Amino acid sequence: MKSNIKTQTGNRIVVVFDGKQIGLVQSVEMNDSYGLEAASGIGDIHVQEHVPTMATHSLSVSTMLLKKNSMLKAGIVPTNGEIALQGLVFDFEVFSKDDGTLLRKYTGVSYDSGSISVQKHAILVQNGQFKALDVSGSAE
């Protein structure tokens, strides 16, 4: 029998710190920009090439469930400016629901801004903005 699977649905997105899964993401928008600049020659107004100048990887999360205070205890979500200066980073990993393969990985992720709700037994990031140092995987 032949499978007719051409799309990825219901993928699993996890938050990893120091090799341990510390949270699950319900919805994330991942954006990559390479800061293209037009390059042309002297006396020529036509663009010859678009040159990447800076890679910017940003993630916008809507509802992220974190395991019992683990991010606050690790200092990943800064509670004040001094903790933010420690520069602790983590990873976002997207896995295929179908076969469990890693589709996309954002590394060196830092919490930028957002709203956090602390409730019994859980921390919920309702809306969060994150920046990553690098990305790998084809998300195919």
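Remember, predicted model here, so these are calculated numbers, not experimental data. (Residues numbered from 1 in each chain as written. Predicted model: local features only at pLDDT ≥ 70, side-chain atom pairs only at ≥ 80, totals over all residues. Heavy atoms only, no water.)

1. Concerning the overall build of the chain
A tally of helices and strands in the chain yields two helices and 10 strands. Along its sequence from the N terminus, the chain presents helices and strands in the succession β-β-β-β-β-β-α-α-β-β-β-β. Counting only residues that meet the buried cut, the chain has 29% of its 140 residues in that class. Taking as baseline every contact in the chain between residues at least 6 positions apart, the subset at least 24 positions apart corresponds to 57%. (Helix = DSSP H or I, 4+ residues; strand = E, 2+ residues; numbered from the N terminus. Buried < 20%, exposed > 50% of the residue type's maximum accessible area, 1.4 Å probe, protein only. Contact = heavy atoms within 4.5 Å.)

2. Here we look at the nonpolar core
Ranked by size, the top nonpolar core spans 19 residues in total, and within it Val25, Leu59, Met64, Phe92, Val109 and Phe130 carry the most contacts. Listing elements by their share of this core, those giving two or more residues are strand 1 (12-17), strand 2 (20-25), strand 6 (56-67), strand 7 (90-95), strand 8 (102-119) and strand 9 (122-132). Excluding residues within four positions of it along the chain, Phe130 makes contact with His57, Ser58, Leu59, Val61, Met64, Phe90, Phe92, Val109, Ser110, Tyr111 and Asp112. (Core = buried A, V, L, I, M, F, W, Y, C linked by side-chain atoms within 4.5 Å.)

3. Here we look at the side chain of Glu93
Mapped onto the elements of the fold, Glu93 is located in strand 7. With relative accessibility at 11%, the residue Glu93 sits in the buried group.

4. A few points about the confidence of the model for the chain
Per-residue confidence for the chain gives a mean pLDDT of 81, with 76% of residues at or over 70. Looking at the elements of the chain, mean pLDDT is at its lowest for helix 1 (residues 70-74), recorded as 64, and at its highest for strand 5 (residues 49-52), recorded as 96. (pLDDT = per-residue confidence, 0-100.)

5. Description of the packing of aromatic side chains
This model, assessed by the stated rule, comprises four aromatic pairs. With a centroid separation of 5.3 Å and an interplanar angle of 55°, the aromatic rings of Phe92 and Phe130 are classed as tilted. One end of the pair, Phe92, is in strand 7; the other, Phe130, is in strand 9, with 38 residues separating them in the sequence. Per residue, the accessibility class of Phe92 equals that of Phe130, and both read buried. Pairing Tyr111 with Phe130 gives two aromatic rings, centres 5.5 Å apart and planes at 70°, and the pair type is edge-to-face. With a gap of 19 residues between them, Tyr111 in strand 8 and Phe130 in strand 9 connect regions that are remote in the sequence. Aromatic ring contacts, followed pair by pair, group Phe90, Phe92, Tyr111 and Phe130 into a single cluster. (Phe/Tyr/Trp six-rings, centres within 6.5 Å; stacked < 30°, edge-to-face > 60°.)

6. Re the pairing of strand 2
The pairing of strand 1 with strand 2 spans five bridges and is antiparallel. Residue pairing across strands places Val15 opposite Gly23, the latter belonging to strand 2. (Pairing = 2+ DSSP bridges.)

7. Some remarks on the pattern of salt bridges
Applying the stated criterion across every chain yields a total of two salt bridges. The salt bridge partner of Asp32 is Arg104, with a shortest N-O separation of 2.7 Å. Linking Asp32 in strand 3 (residues 28-33) with Arg104 in strand 8, this pair joins segments that are 72 residues apart in sequence. In this structure, the salt-bridge partner of Glu93 is Lys105, at a minimum N-O distance of 3.5 Å. Residue Glu93 is found in strand 7, and its partner Lys105 is found in strand 8; the two are separated by 12 residues along the sequence. (Salt bridge = Lys/Arg side-chain N within 4 Å of Asp/Glu carboxyl O.)

8. Focus on the environment of Asn11
By the element assignment, Asn11 lies in the segment before strand 1. In this structure Asn11 comes out as partly exposed when scored by relative accessible area, which is 28%. Contact partners of Asn11, with chain neighbours within four places excluded, come to Val94, Phe95, Ser96, Lys97 and Leu103.

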